[in-house]
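What follows is each chain in one-letter form.
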Amino acid sequence: PGVCYRVDSLADRPEGYRPKNARGFESLVPLQEVLAECIGKGSGTKAVARARDRLLAEFGPEFRVLREVPVEELQCSGVPRFAEAVRRLRAGEVRIAPGYDGQFGTVALFEV
């Protein structure tokens, strides 16, 4: 038996349970990770850094870009698929592959 078995045995609420007064939350992917997926390069590359710097100069802080700037405005960002990536992120249309055995999980906005 693994961790999942132990979690299930300890669980005292059904999956998806949410208390009445629970605060909402948002799941975001860092801007550099979104750009890296759109550009097809690593998040630490100069190409991604340049794209990030352009977006921040034009639209403001990272959270504003990811959460507030209208998707229509982001279509003129100069980064192919960026507006669609942000739309998917905001809609929760992400693919999550959980980590295991010391491996980090991954989040993808487009199918690989």
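Here is what the cut-offs are and how they apply
Starting afresh in each chain, residues are numbered from 1 along the sequence in its written order. Local features in a predicted model are, by the rule used here, given only for residues with pLDDT of at least 70; side-chain atom pairs are given and counted only at 80 or more, and totals for whole chains, interfaces and linings are based on all residues. For the side-chain quantities, the full set of heavy atoms in the structure was used; hydrogens and water were omitted. Helix and strand labels come from DSSP, where a helix needs a run of H or I of at least four residues and a strand needs a run of E of at least two; each type is numbered from the N terminus. Radius of gyration: C-alpha atoms only; globule rule: 2.2 Å multiplied by the number of residues to the exponent 0.38. The term salt bridge refers to a side-chain nitrogen of Lys or Arg lying within 4 Å of a carboxyl oxygen of Asp or Glu. The buried label applies to any residue whose accessible area, calculated with a 1.4 Å probe on protein chains only, is under 20% of its type's maximum; exposed applies above 50%, and partly exposed to all values in between. Among the buried residues, those of types Ala, Val, Leu, Ile, Met, Phe, Trp, Tyr and Cys that are joined through side-chain atoms within 4.5 Å form a nonpolar core. Throughout, a residue-residue contact means that at least one pair of heavy atoms, one from each residue, lies within 4.5 Å. Patch members must show over 30% relative accessible area and no salt bridge, and they are joined within 9 Å when carrying like charges or within 5 Å when they are nonpolar side chains of Val, Leu, Ile, Met, Phe, Trp or Tyr. Note on areas: Shrake-Rupley, 1.4 Å probe, and residue coverage restricted to the protein chains presented here. Positive: Lys, Arg. Negative: Asp, Glu. His and the chain ends are not part of the count. To locate a charge, take NZ of a lysine, CZ of an arginine, CG of an aspartate or CD of a glutamate.

**Things to note about the overall build of the protein**
Of regular secondary structure, the protein possesses 6 helices and 2 strands. Ordered by position from the N terminus, the helices and strands of the protein form the series α-α-α-α-α-α-β-β. For the protein, the C-alpha radius of gyration of 17 Å lies well beyond 13 Å, the compact-globule estimate for 112 residues. Taken along its principal axes, the extent of the C-alpha atoms in the protein is 50 × 35 × 20 Å.

**Observations concerning the pattern of salt bridges**
Summed over all chains, the structure comprises 6 salt bridges. Across the salt bridge formed by Arg 13 and Asp 12, the nearest N and O atoms sit 4.0 Å from each other. You'll find Arg 13 and Asp 12 in the same group, each marked exposed. A single salt-bridge network, built from bridges that share partners, covers Glu 84, Arg 87, Arg 88 and Glu 93.

**Here we look at unusual backbone geometry**
Within the chain, Arg 81 stands out as a residue other than glycine whose phi angle is a positive 70°. Its location among the elements puts Arg 81 in the loop between helix 5 (71-74) and helix 6 (82-91). Take Arg 81: its relative accessible area is 43%, and that puts it in the partly exposed class.

**Quick notes on the nonpolar core**
Among the nonpolar cores identified, the biggest contains 23 residues, and Leu 31, Val 34, Leu 35, Cys 38, Leu 74 and Phe 82 are the most heavily contacted of them. For this core, the secondary-structure elements that each account for two or more residues are helix 2 (31-39), helix 3 (46-59), helix 4 (62-67), helix 5 and helix 6. Excluding its chain neighbours within four sequence positions, the residues that come into contact with Cys 38 are Val 79, Pro 80, Arg 81, Phe 82, Ala 85 and Phe 110.

**Focus on the environment of Phe 63**
One can find Phe 63 in helix 4. Distance from Phe 63 to Ser 43, taken between C-alpha atoms, is 17 Å for residues 20 residues apart in sequence. Sequence-distant contacts of Phe 63, that is, excluding residues within four places in its chain, are made with Leu 28 and Glu 68.

**A look at a positive patch on the surface**
A grouping of Lys 41, Lys 46, Arg 50 and Arg 54 is seen on the molecular surface, where their side chains present a positively charged patch. Looking at where Arg 54 falls in the secondary structure, it is placed in helix 3. Accessibility expressed as a relative area gives 44% for Arg 54, which makes it partly exposed.

**Describing the side chain of Ser 77**
Positionally, Ser 77 belongs in the loop between helix 5 and helix 6. Residue classification places Ser 77 among the buried positions, given a relative accessible area of 8%. Among all residues touching Ser 77, those that are not within four sequence positions of it are Leu 55 and Phe 82.

Keep in mind that these numbers describe shape and distance, not what the molecule does.
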